Amino acid sequence: MEFKELFIGLSENKSLNALAKKYGLLFGAKSVVGGENIPDTVETIKKLNAQGIEATIDNLGEFVDTKEIAERELIIILNMIDAIQEHNLKAHMSIKLTQLGLEFDKKYAMENLRKILLKASKTNMHINIDTESYRTLADIQSMIDEVKHEFSNVGTVIQCYLYDAEEMIEKYPDLRLRLVKGAYSEDDTISFQSKEDIDENYIKMIKKRLLNANNITSIATHDHNIINEIKQFVKDHDIDKDQFEFQMLYGFRTEMHKALVDEGYNFCVYIPFGKDWFAYFMRRLAERPQNLDLVIKSFVKKDTVIKVGSAVGLVALSGYAMKKVLDKKDQ
């Protein structure tokens, strides 16, 4: 079982997700999650704003399969929008349509999406509609195509490891887009598989978008080599810095955040919040093995036994879960 498949498998394990949610931000998750609740997350955003860093906020939540759960998640999102507006924060929301009921009632999910866009539009707050696993992509894009004519504050994500990423970028020149490599386990019939091919297509898609976009592009990567290549590309083609931003996940490669701001680049941090953190954390580890190294190193630097123990706990938990997955597969 490959590294990525392992952690994607962990992210989809309902039992582990439920256990992690029950006990709160354990195993180092506190360093990469902005807060368990809205007040704590607001304070996190304020600290970043003070450094010249903007934020996009994600309400963590997985396995939404009833209207009762979807309604609860909707209320949290609407309350966070209120908090951002109330505190005049430089932040916007990133939302997942599966969290709003997409997988069991598309009409209901659309009603919830419109409520979010309407509330956010009162202060012209951008709402980013995340793309998720490929099996949901057609439905997500269908809903985007419907609301983009009603609301000017809607944008989405392009996962550039997909073979049809270029087609999607061409489809949305007027929307604000976030370009990512991709965080789900998709097979070779629809996506590039090797790191080299994924990186190559990601860079190609960023350059294509920057040359043809009519709206802001968020370049979401922790890879300093890619960032440096894009910096040079922007310089060579005289692309205005206000046409794009670099974006990273909260808690990862923080030394680069302020450095990019100091160089005059727009910078945004993706901040997840809430107790339902486990699936999110596992997908981040699935993206790059180095992410696990970054998490552990961040604890070691703090020189705190408890923190280091938490990082070790994460590794132990992952190892235990891996054994369970492998045992099940061998049966």
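These figures come from a predicted structure and were not determined experimentally.

Q: What's the story with the overall build of the protein in this structure? I'm lost.
A: Broken down by element type, the protein carries 13 helices and eight strands. When the 331 residues of the protein are sorted by exposure, 52% land in the buried category. The long-range share in the protein, meaning contacts at least 24 apart out of those at least 6 apart in sequence, stands at 72%.

Q: I tried to follow the pairing of strand S6 (residues 217–220) on my own but got confused; where do I start?
A: Side chains on a regular strand alternate between the two faces of the sheet. Burial along S6 is two-sided: the residues Thr217 and Ile219 and Ser218 and Ala220 are all buried. Bridge analysis of strand S5 (residues 176–180) against S6 gives three bridges, and the strand direction is parallel. Residue Leu179 lies in a different strand from S6, and its bridge partner there is Ile219. A crossover connection joins S5 to the parallel S6 through helix H8 (residues 195–212); in handedness this β-α-β unit is right-handed. In terms of strand pairing, S6 meets strand S7 (residues 244–249) through four bridges, oriented parallel. Following the sheet pairing, Ser218 is matched in S7 by Glu245. The parallel pair S6 and S7 is bridged by helix H9 (residues 224–236), and the resulting crossover is right-handed.

Q: Mind showing me how you'd approach the environment of Met143 here?
A: Here Met143 shows up in helix H6 (residues 137–147). Not counting chain neighbours up to four residues away, the residues in contact with Met143 comprise Leu97, Leu102, Lys106, Ala109, Met110 and Leu113.

Q: How do you make sense of the nonpolar core when you look at a structure like this?
A: Generally speaking, nonpolar side chains in soluble globular proteins are found buried as a group. If you look at the biggest cluster of nonpolar residues, it comprises 75 residues, and the most contacted ones within it are Ile57, Met93, Ile95 and Leu113. Per-element accounting of this core gives the leading share, seven residues, to helix H4 (residues 67–86). The contacts of Leu113, once residues within four sequence positions are left out, are Ile95, Leu97, Leu100, Ile129, Met143 and Val147. In this structure, Val32, Leu60, Tyr270 and Phe281 belong to the second largest nonpolar core, which totals 11 residues.

Q: Looking at this structure, I do not really get the pattern of salt bridges. What am I missing?
A: When the charged atoms of two side chains lie near each other, side chains of opposite charge can form a pair. Taken as a whole, this structure holds 24 salt bridges when the rule is applied. The partner of Arg135 in a salt bridge is Glu103, and the shortest N-O contact between them spans 2.3 Å. Here Arg135, found in the loop between strand S3 (127–129) and H6, pairs with Glu103, found in the loop between strand S2 (91–95) and helix H5 (106–121); they are 32 residues apart in sequence, far enough to count as distant. Judged by its relative accessible area of 63%, Arg135 falls in the exposed class. With a shortest N-O distance of 3.5 Å, Glu166 and Lys208 are connected by a salt bridge. Pair noted here: Glu166 is in helix H7 (residues 165–171) and Lys208 is in helix H8, with a separation of 42 residues, a long-range link. Judged by relative accessible area, which is 23%, Lys208 ranks as partly exposed. Residues participating in the shared-partner salt-bridge network are Asp58, Lys96, Asp130 and Arg178.

Q: For this particular structure, what's the right way to read the environment of Cys268?
A: Mapping Cys268 onto the fold places it in strand S8 (residues 267–273). Setting aside its immediate chain neighbours within four residues, Cys268 contacts Glu54, Ala55, Thr56, His92, Glu245, Phe246, Gln247 and Met248.

Q: Even after reading the chapter, I still don't get unusual backbone geometry, so can you show me in this structure?
A: Note on backbone geometry: most residues besides glycine have negative phi, and most peptide bonds are trans. Its identity as a non-glycine residue notwithstanding, Asp238 has a phi of 55°, on the positive side. In this fold, Asp238 is placed in the loop between H9 and S7. In this model, Arg253 sits at a positive phi of 50°, which is unusual for a non-glycine residue. Mapped onto the elements of the fold, Arg253 is located in the loop between S7 and helix H10 (254–262). For Arg253, a relative accessible area of 18% corresponds to the buried category.

Q: Sorry if this is basic, but what is going on with the side chain of Arg209 here?
A: Tracing the sequence through the fold places Arg209 in helix H8. Buried within the structure, Arg209 lacks any salt-bridge partner; its nearest side chain of opposite charge belongs to Asp174, at an N-O separation of 7.4 Å. At a separation of 2.8 Å, a polar atom in the side chain of Arg209 contacts the side chain of Thr217. Setting aside anything within four residues of it in sequence, one finds Arg209 in contact with Ile169, Tyr172, Pro173, Leu175, Arg176, Leu177, Leu179, Asn215, Ile216 and Thr217.

Q: In this structure, what is going on with H8? I would like to understand it.
A: One full turn of an α-helix is made of 3.6 residues, so residues set three or four places apart face in the same direction. With 18 residues, H8 ought to run about 26 Å at 1.5 Å a step, and its terminal C-alpha atoms sit 26 Å apart, in line with that. Residues of H8 that are buried include every one of Ile198, Asp199, Asn201, Tyr202, Ile203, Met205, Ile206, Arg209 and Leu210, and no others.

Q: Would you mind going over the confidence of the model for the protein with me for this structure?
A: Close inspection of predicted coordinates is inappropriate in any region flagged by low pLDDT. Of the residues in the protein, 76% reach a pLDDT of 70 or more, and the chain-wide mean stands at 84. Within the model, the stretch residues 298–331 combines pLDDT values under 50 with 32 contacts to residues more than four positions away or in other chains.

Conventions adopted
Residues numbered from 1 in each chain as written. Predicted model: local features only at pLDDT ≥ 70, side-chain atom pairs only at ≥ 80, totals over all residues. Heavy atoms only, no water. Helix = DSSP H or I, 4+ residues; strand = E, 2+ residues; numbered from the N terminus. Buried < 20%, exposed > 50% of the residue type's maximum accessible area, 1.4 Å probe, protein only. Contact = heavy atoms within 4.5 Å. Pairing = 2+ DSSP bridges. Right-handed = clockwise from strand over helix to strand, strands pointing away. Core = buried A, V, L, I, M, F, W, Y, C linked by side-chain atoms within 4.5 Å. Salt bridge = Lys/Arg side-chain N within 4 Å of Asp/Glu carboxyl O. Lys, Arg positive; Asp, Glu negative; His and termini not counted. Polar contact = N/O pair within 3.5 Å; in protein donor to acceptor, adjacent residues only side chain to side chain. Expected span 1.5 Å × (residues − 1). pLDDT = per-residue confidence, 0-100.

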